[in-house]
Amino acid sequence: MAVCQENTPVTQDCCGGFTEFKRSTSGSVKKIQRIPRCRHDSFETEVSFEGESGFHARFSHCKKHPGHGDFIPVDDLDIEHLPENFRDKDVLTLIRALAAITVRVETDFVSPGRPRFYQDTDIPYPFHNAIGDRMLRTGSGRVRYVTVPVNKKDQPCPCHVCKTSGKPKRMWCKVGVVTATHVVYDEEEARHTTCRVGFNSDTSPVVTFEGMGVSAHGAHVDGDRFNLCCVTHDLDLARKLRRSVARYKQHCLKISKKVDSGNHDNRLAIVVSHPHGCAKKVTIGRWTEKFRIAGTGYTVYHYTACTCPGTSGAPVYILDRQTFGWCNHPHSAARVDVNCSGVGYA
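Residues numbered from 1 in each chain as written. Predicted model: local features only at pLDDT ≥ 70, side-chain atom pairs only at ≥ 80, totals over all residues. Heavy atoms only, no water.

1. Things to note about the side chain of Thr232
You can see Thr232 is positioned in strand E10 (residues 225-232). Under the relative-accessibility criterion, Thr232 is labelled buried at 6%. Looking at Thr232, its side chain comes within polar contact range of the main-chain nitrogen of Asp234, at 3.0 Å. (Helix = DSSP H or I, 4+ residues; strand = E, 2+ residues; numbered from the N terminus. Buried < 20%, exposed > 50% of the residue type's maximum accessible area, 1.4 Å probe, protein only. Polar contact = N/O pair within 3.5 Å; in protein donor to acceptor, adjacent residues only side chain to side chain.)

2. Comments concerning the state of the cysteines
Overall, the coordinates contain zero disulfides when judged by the stated rule. Between Cys308, a free cysteine, and Cys62, which holds the nearest cysteine sulfur, the sulfur-to-sulfur gap is 3.6 Å. With a relative accessible area of 0%, Cys308 lands in the buried category. (Disulfide = S-S within 2.5 Å.)

3. What about the pattern of salt bridges?
This model, assessed by the stated rule, comprises 12 salt bridges. The partner of Arg87 in a salt bridge is Glu80, and the shortest N-O contact between them spans 3.5 Å. Connected through salt bridges with shared partners, the residues Glu46, Glu50 and Arg58 form a single ionic network. (Salt bridge = Lys/Arg side-chain N within 4 Å of Asp/Glu carboxyl O.)

4. Re helix H2 (residues 89-100)
Between its first and last C-alpha atoms H2 spans 17 Å; for 12 residues at 1.5 Å apiece the expected length is 16 Å, and the two agree. Against strand E4 (102-109), strand E5 (134-146), helix H5 (235-258), strand E11 (268-273), strand E12 (281-293) and strand E14 (315-318) lie the buried residues of H2. Capping the start of H2, Asp88 holds a side-chain oxygen 2.6 Å from the backbone nitrogen of Asp90, two or three residues further along. (Expected span 1.5 Å × (residues − 1). Contact = heavy atoms within 4.5 Å.)

5. Description of the nonpolar core
Formed by 56 residues in total, the largest nonpolar core has its most connected members in Val143, Val177, Phe209, Tyr248, Val282 and Tyr317. Here this core takes eight residues from H5, the largest share from any one element. When near neighbours in sequence (up to four residues on either side) are disregarded, Val282 contacts Asp70, Phe71, Ile72, Val74, Leu77, Ile95, Ile270, Val271 and Val272. Counting residues in hydrophobic clusters, the runner-up holds seven residues, among them Phe291, Ile293, Tyr298 and Val343. (Core = buried A, V, L, I, M, F, W, Y, C linked by side-chain atoms within 4.5 Å.)

6. Notes on the pairing of strand E8 (residues 193-197)
Buried residues dominate E8, accounting for four of its five residues. Direction of pairing for E4 relative to E8: antiparallel, over a ladder of five bridges. When the sheet's bridge partners are listed, Val105 is paired in E8 with Cys195. (Pairing = 2+ DSSP bridges.)

Shown next as structure tokens:
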């Protein structure tokens, strides 16, 4: 069964006072002021200076998870891959629904707006030292909404193809994608970003939509969450993604009512991502700790589901009956013995 083994949660004081966090009265939830950043955090954006071939080489020669035995190709996912107490068709359907809205996020621009350090620390912010360089890098993300088509003569499709064609499409849709802020930092980087959808295998057709800016709720730098606004004039793709988003939410609600996550054995954590910028994979583990950011509705989770470079920004499904039904946390960082999400709700 492809489930990453649970490890002992981080307790060292390398993360800005991690050992000082006090357990709240809710028992399993700790209140913190902000996400603690550790010098040893591994921000898992993949970089290639050789184009697509470089991603395949990094996948083949990965030292973190040689062979990627715990990474299940999404088209091969079967009920036998699930932990015994979750071998349920509805859980399997939920994972497949999440996979349908997971995208590869790709950009080659490094914004001059990236800070040198994380706020109030001397911990370097990812890619600050590469400002001005062109480097192809990938993470992952999740489609969170698709608008109904815009059809206004004075608002043609703003994608690059339409802008340069002389015959822009009149009907187009906005697509919202959640990823990590260290993958896409600001509006400048968003305009240089492309999302690939349906990349389930090396033979999958190349279907993409492009970034155009920052969507509602913007970027949360401290919480490592970025709401990317994209655009597509492929109306069939837009309709398909809109149905997939609705299907994912429906199955999340169904599962959250069905399973008691108060049982310690039921702490399911699932990550769907594009490791090393390659085809989509699923990893399965457990969530080990939950943190609530003081004064906000945000939470952060630690979990054992395996990750690799390219997983940054990937959707992390957390089974917890205190959620709104669907989980919306992006993967943020890996540490020696645990993985960490960015901020999400509940």
